[in-house]
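Tertiary structure, described
Take a look at the letters that make up each chain.
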Amino acid sequence: MLPGRKAYWGSLELHIFPDAPAVVGALAPDEPVILNRPHAAARAARFFVEKFPGKSLYAVKANPSPALLRTLWDSGITHYDVASIAEVRLVRDTLPDAVLCFMHPVKTAAAIAEAYKVHGVRTFSLDTQEELDKIVTATSDDAGNVPEDLSLCVRLRVSSDYSEISLAAKFGIDLADAAPLLQATRQVADCLGICFHVGSQAMTPFAYVQALERVRAAIVDASVTVDIVDVGGGFPSIYPGMQPPPLEDYFGAIHRAAESLPVSYSSELWCEPGRALCAEYNSLIVRVEKRRGKELYINDGAYGALFDAAHLGWRFPVKLLREGASESLRPFTFFGPTCDDLDHMDGPFELPCDVGAGDYIEIGMLGAYGAAMRTAFNGFGLSVPVQVGDEPMDSQYRGDREDPRRTDNVVSLR
Ligand SMILES: *Cc1c(COP(=O)(O)O)cnc(C)c1O
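My aim in this report is to walk through the structure given alongside it, one point at a time. (Residues numbered from 1 in each chain as written. Predicted model: local features only at pLDDT ≥ 70, side-chain atom pairs only at ≥ 80, totals over all residues. Heavy atoms only, no water.)

This part covers the site of the ligand. Around the ligand, the structure places 13 residues, and the nearest of them are Lys-61, Ser-200, Glu-272, Arg-275 and Tyr-369. Asp-81 places a polar side-chain atom, nitrogen or oxygen, 3.0 Å from a nitrogen atom of the ligand. Gly-274 places a main-chain nitrogen or oxygen 2.9 Å from an oxygen atom of the ligand. The fraction of the free accessible surface of the ligand (390 Å²) that becomes covered by protein chains is 91%. (Near = heavy atom within 4 Å. Polar contact = N/O pair within 3.5 Å; in protein donor to acceptor, adjacent residues only side chain to side chain. Areas by Shrake-Rupley, 256 points an atom, 1.4 Å probe, with all protein chains shown as cover.)

Attention shifts here to the environment of Met-203. Residue placement: Met-203 occurs in the loop between β10 (200-202) and α9 (206-222). Among the residues examined, Met-203 registers a relative accessible area of 10% and is labelled buried. Along the sequence, Met-203 and Pro-337 sit 134 residues apart, while their C-alpha atoms lie 32 Å from each other. (Helix = DSSP H or I, 4+ residues; strand = E, 2+ residues; numbered from the N terminus. Buried < 20%, exposed > 50% of the residue type's maximum accessible area, 1.4 Å probe, protein only.)

Ordered by their spatial adjacency, 8 strands build a closed barrel running β3-β4-β5-β6-β7-β9-β11-β12, and the pairing between neighbours is parallel. Averaged over all pairs of adjacent strands, the angle between strand axes in this sheet comes to 25°, irrespective of strand direction. Bridge analysis of strand β7 (residues 151-155) against strand β9 (residues 191-195) gives 5 bridges, and the strand direction is parallel. Note that in β9 the partner of Ser-151 across the bridge is Cys-191. (Pairing = 2+ DSSP bridges. Axes fitted to C-alpha atoms, helices over the stretch in contact; angles between N-to-C directions.)

Now the structure itself:
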């Protein structure tokens, strides 16, 4: 027999449900429920640890949940890409032995000093001479001695042409200006790195090959010895209408391009996956509160875990959690629960034509930039995570995945 609803919430963290229908059956939740799948995140982490031809840093911003951080650590991820002092503190508290790399190119002096002196951070990124000066000053001792243990990565601007979400406009020094900064950084760095970000959800390995060509040009121009080449994040996950090539193709292309760079023999290759390590970690159960034609009013939205669905038009896979529903699917759009017109998701989301108020829907692949983005705006967005044991709605890592290049859904590899 199930204990009362209140008592049940209290013990949820210890309970593993088989799947979303079991959660709905037991809880009939009034609020949206985040489902955690630690086995899926562990599998993604092991894949990167075993197959990426270098070191994989988890980009914490994609999903900073401490439970996820511990799962990744237990699965072999030892390095973490952090972007704010709050992320530095969080990861240090959660994983005392983790190696933290502060990869935001614009930091405050106080954040750099605390990261270096209190939390043992030695790796920082930068894209200007001012940031280099700031790092040197903030990490020097009281007598003004510059530390000899800094790893400094110069962020190069690269094209976002092959990615769904650009990260090209904001950060990164242009190739034409990079040589003096690389030379100045080499003067103070124990290890000199070059990093970049091709943009999130990069749909072809060519994005990395092209960026690494720019790295080659930067190294040749500056004539410096480079110890770390960091290809950043951007590794894709699978969503409706976005079927990327297998990750092995990305790793192979990166390996070949990096092997031919003029870097020191002992140099290291790094990557910073966010999305690819955590997209499969979460899904979300929402309830339909009202139907108006092809519009469903659900209880989560733009200010909840569905920011990308609302603001980027991102499509996530959906599944109606009711037996005996119609087999005929129709495209629906969603409204979120707040009073804001922007709280709207175009989709389209394919659901049985008889979906209606009171139905529960599972929305998949929300582990990256979904669960992490929830706010309490308008009094919505508070919910308790629940662990489930079934497979995520889609996976890059199951082994039985069909190569999308053999289907109609071809992504050109050039
Ligand atoms: C956001 C970010 C990442 C992670 O990007 P994904 O596309 O989620 O893999 C990695 N590195 C840096 C510097 C970032 O800003």
